[in-house]
Amino acid sequence: MDRTAELRQLAADLREREVVADAWLAKSFTDRLFVVDLTTDAGVPEEIRERLHEHDLYGANDVYDTGERDASFAGAVGDATRHQFVDVQTRGDHQSYVVE
């Protein structure tokens, strides 16, 4: 299974959990992100965080050294809290292009 398919399957698996409102892949300028919206503001449950780590997905705030206390919190979206994780297995492999 290729990396994208693996992470899409993980997102589908996580969406089956009651605490997960949504999960999907996104892209920053050079990295693949894994986004998880939770129905709670209590943070990412440890079992979900461990599952993400098993797939080399780590909190964007930690990876990018933003100085934020929470490793992955990216804000509130409606009734959900958004968390972003960086795919460190492919970090820097993606390219974005600037159109002039």
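Here the structure is a predicted model, which means the values were calculated and not measured.

Cut-offs applied
- Along each chain, residue indices are assigned from 1 in the same order as the chain's sequence is written.
- Per-residue local features of the predicted model are confined to residues with pLDDT of at least 70, and side-chain atom pairs are confined, for both listing and counting, to 80 or more; whole-chain, interface and lining totals are unaffected and use all residues.
- Hydrogens and water are ignored here; the side-chain numbers use all heavy atoms of the structure.
- Secondary structure counts use DSSP, requiring at least four H or I residues in a row for a helix and at least two E residues in a row for a strand, with both numbered from the N terminus.
- Under the scheme applied here, a residue whose accessible area is under 20% of the maximum for its type counts as buried, over 50% as exposed, and between as partly exposed, the area being computed with a 1.4 Å probe on protein chains only.
- Only the protein chains shown count as cover for residues, with accessible areas throughout obtained via the Shrake-Rupley method and a probe of 1.4 Å.
- Residues grouped as a nonpolar core are buried Ala, Val, Leu, Ile, Met, Phe, Trp, Tyr and Cys residues, joined through side-chain atoms within 4.5 Å.
- Residues are treated as being in contact if the distance between any of their heavy atoms lies within 4.5 Å.

Draft legend 1. Layout of the overall build of the chain. A count of helical and extended segments in the chain gives three helices and five strands. In the chain, the order of α-helices and β-strands from amino to carboxyl end is α-β-β-α-β-α-β-β. Taken over the C-alpha atoms alone, the chain extends approximately 40 × 35 × 25 Å along its principal axes. Residues counted as buried form 35% of the 100 residues belonging to the chain. Of the roughly 6200 Å² of accessible surface on the chain, 45% is carried by carbon and sulfur atoms.

Draft legend 2. The environment of Ala21, seen in detail. Position of Ala21 relative to the elements: it lies in strand E1 (residues 20-27). Since its relative accessible area comes to 46%, Ala21 is described here as partly exposed. When the C-alpha atoms of Ala21 and Thr39 are compared, they prove to be 5.7 Å apart, with 18 residues separating the residues in sequence.

Draft legend 3. How the structure looks around unusual backbone geometry. Positive phi is not limited to glycine here, since Asp56 has a value of about 60°. Here Asp56 shows up in the loop between helix H2 (46-54) and strand E3 (57-59). In this model, Asp65 sits at a positive phi of 50°, which is unusual for a non-glycine residue. Inspection of the secondary structure puts Asp65 in the loop between helix H3 (60-63) and strand E4 (73-77). For Asp65, a relative accessible area of 66% corresponds to the exposed category.

Draft legend 4. Main features of the nonpolar core. Within the largest apolar cluster, 14 residues are counted, with the highest numbers of intra-cluster contacts made by Leu14, Phe34, Val36 and Leu52. Elements that contribute at least two residues to this core include exactly helix H1 (3-15), E1, strand E2 (32-38) and H2. Counting residues per element, this core draws most heavily on H1, which supplies four residues. When sequence neighbours within four positions are dropped, the list of residues in contact with Phe34 reads Leu7, Leu10, Ala11, Leu14, Ala23, Trp24, Leu25, Leu52, Leu57, His83, Gln84 and Phe85.

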